[in-house]
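Report on the structure
Each chain, written out:
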Amino acid sequence: MFLFLGTTQLKSNEKNNEIKNKILKNIRCLICQGQSVYDSESDFASSIKLIVEKKIDEESSEEQIYEFLKEKYGNWIIYDPELNKNTYILWLLPLLLFLLGGAIMVKKLRFTK
Amino acid sequence: MKNKYKAIIFFLFFIFCFVVLYKGLDNPNTYTPNIKVEKNIPLFTAKDFNSNNYINSDKIFEENKYYIVNIWASWCVPCIKEHPLLMELSTNQSIKIIGLNYRDNLNNAKKFIDKFGNPYNQILIDSDGVLAVEFGAYGVPETLIIDKNKKIIKKFVGPINEEIVQEIKSIIK
């Protein structure tokens, strides 16, 4: 019984650690701006690590944690930008360029044939 | 004719890239979170610096006054620079100054207050920096102004100066 409970606890801790690391790698450190919070050793990063850990323990979802941080520091704190009116160009421009490049290539190939 | 179009498109593309990159030169290379949006003060419980008792945020900001939250630490050199200005602000009866002692050694913090004076109506202990995050801060010193509706209406990153003190005074008038 105790062994079963222990194993379940261990698995749950492992899962929480995985989620925590995934989130921390996706949060930008505002002090060392080239680094994620996961990589940074700054005071700010260690506070964010504590908060994320606490929120995971409180069973907040990944999305809720990101929302909390975005509310405090803006969208920029998240590395992976979501699709909204400010990021349309960011998401759609590569796709448009890819399609444009493809169209040019198809046209060229047809022309050479 | 076709080559002419190509040249025009290439030229326009070049101009577009030039304008985008040239404008980018003016942008600061560090990000500062948007502080224009009014935000409600966070709800929290914190330890009081003097009594060591826990106190709720509702109790801290209960008076119908403007509040200034100043995040400081004894190890923070710019905090020494802004301290006389906080002392000056503390003489104003229409505001209350709340100090948030950020990631500090309490003995050093007490020595700091003894040496430079105490401009704070209340000091809260933020030993792990979590409270500062609740206020949307990411370093020391930072100063926030809270209006009578308990909304954060202004935030100053870095030490306050004479100009900021005048701005604060005009806000709380």
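Residues numbered from 1 in each chain as written. Chains lettered and ligands numbered in written order. Predicted model: local features only at pLDDT ≥ 70, side-chain atom pairs only at ≥ 80, totals over all residues. Heavy atoms only, no water.

The next thing to look at is the overall build of chain A. Tallying secondary structure elements over chain A gives four helices and zero strands in all. Taken from the N to the C terminus, the helices and strands of chain A come in the order α-α-α-α. A compact globule built from 113 residues would reach a C-alpha radius of gyration of about 13 Å, whereas chain A, at 21 Å, exceeds it by more than 25%. Relative to its 113 residues, chain A shows a buried fraction of 29%. Within chain A, contacts between residues separated by at least 24 positions form 46% of all contacts whose residues are at least 6 apart in sequence. Carbon and sulfur atoms make up 62% of the accessible area of chain A, which amounts to about 8300 Å² in all. (Helix = DSSP H or I, 4+ residues; strand = E, 2+ residues; numbered from the N terminus. Rg over C-alpha atoms; globule rule 2.2 N^0.38 Å. Buried < 20%, exposed > 50% of the residue type's maximum accessible area, 1.4 Å probe, protein only. Contact = heavy atoms within 4.5 Å. Areas by Shrake-Rupley, 256 points an atom, 1.4 Å probe, with all protein chains shown as cover.)

A few words on empty space enclosed by the protein. Counted according to the given criterion, the structure contains two cavities of 30 Å³ or more. Around the second largest cavity, the lining residues are A:Ile51, A:Lys54, A:Lys55, A:Phe68, B:Val130 and B:Glu134. Only helix 2 (43–57) of chain A together with helix 5 (130–134) of chain B provide two or more residues apiece to the lining of the second largest cavity. Considering every element that reaches the lining of the second largest cavity, the biggest residue donor is helix 2 of chain A, with three residues. Classifying every residue of the lining of the second largest cavity gives three nonpolar, no polar and three charged. (1 Å grid on protein atoms, 1.4 Å probe; cavity = no way out; pocket = protein on both sides within 12 Å on 5 of 7 lines; lining within 4 Å. Points joined across faces, edges and corners; volume = space filled by probe spheres on them. Nonpolar A, V, L, I, M, F, W, Y, C, P; charged D, E, K, R; others polar.)

Bringing the interface of chain B and chain A into the picture now. Across the boundary between the two partners, chain B contributes 18 residues, which contact 16 residues of chain A. Together chain B and chain A conceal approximately 1500 Å² of surface at their shared face, both sides included; 57% is due to carbon and sulfur atoms. Counting across the interface, chain B meets chain A through two salt bridges. Among the salt bridges present, the one from A:Lys72 reaches B:Glu134, with a minimum N-O distance of 3.7 Å. Seen at the junction of chain B and chain A, the total is eight residue pairs in polar contact (both at pLDDT 80 or more). No other element matches helix 5 of chain B, which puts four residues into the side of chain B that touches chain A. When its residues are assigned to classes, the side of chain B that touches chain A shows 10 nonpolar, four polar and four charged. (Buried area = accessible area lost by both parts, 1.4 Å probe. Salt bridge = Lys/Arg side-chain N within 4 Å of Asp/Glu carboxyl O. Polar contact = N/O pair within 3.5 Å; in protein donor to acceptor, adjacent residues only side chain to side chain.)

What follows is about the pairing of strand 8 (residues 151–157) of chain B. Residue and element names in this part refer to chain B. Summarising the sheet, strand 1 (residues 39–40) and strand 8 pair through two bridges and their orientation is antiparallel. Of the residues in strand 8, the one forming a bridge with Asn40 is Lys151. The pairing of strand 7 (residues 142–146) with strand 8 spans five bridges and is classified as antiparallel. Within strand 8, the position partnered with Glu142 by the bridge is Val157. (Pairing = 2+ DSSP bridges.)

Another aspect to go through is the sheet that holds strand 4 (residues 66–72) of chain B. Residue and element names in this part refer to chain B. The strand order 1-8-7-4-5-6-2-3 describes an open sheet built from eight strands, whose pairing is mixed. Only two strands of the sheet have a single partner each, and these edge strands are strand 1 and strand 3 (54–56). Packing of helix 3 (residues 77–89) onto the sheet brings it into contact with strand 4, strand 5 (95–102) and strand 7, and relative to strand 4 it is tilted by some 160°. (Axes fitted to C-alpha atoms, helices over the stretch in contact; angles between N-to-C directions.)

What the domain assignment reports for chain B is domain 1 (1–30) and domain 2 (34–171). Between domain 1 of chain B and domain 2 of chain B, the C-alpha centre-to-centre distance is 47 Å. (Domains from an automatic or database assignment.)

With that settled, the discussion passes to the pattern of salt bridges. The tally for this structure, following the rule as stated, stands at 12 salt bridges over all chains. Salt bridges linked by common partners bring A:Glu71, A:Lys72 and B:Glu134 together as one network.

Turning our eyes to something else, we now look at the packing of aromatic side chains. Under the counting rule described, the total for this entry stands at 10 aromatic pairs over all chains. Consider the rings of A:Tyr73 and B:Tyr138, whose centres lie 6.5 Å apart with planes at 70°: the pair is edge-to-face. Note that A:Tyr73 is positioned in helix 3 (residues 62–73) and B:Tyr138 in the loop between helix 5 and strand 7, a pairing that runs across two chains. Three or more aromatic residues joined by ring pairs make a cluster, and in this case those are B:Trp72, B:Phe112, B:Phe116 and B:Tyr120. Its end group placed over the ring of A:Phe68, A:Lys55 keeps NZ or CZ at 4.1 Å from the ring centre. (Phe/Tyr/Trp six-rings, centres within 6.5 Å; stacked < 30°, edge-to-face > 60°. Lys NZ or Arg CZ within 6 Å of the ring centre and 35° of its normal.)

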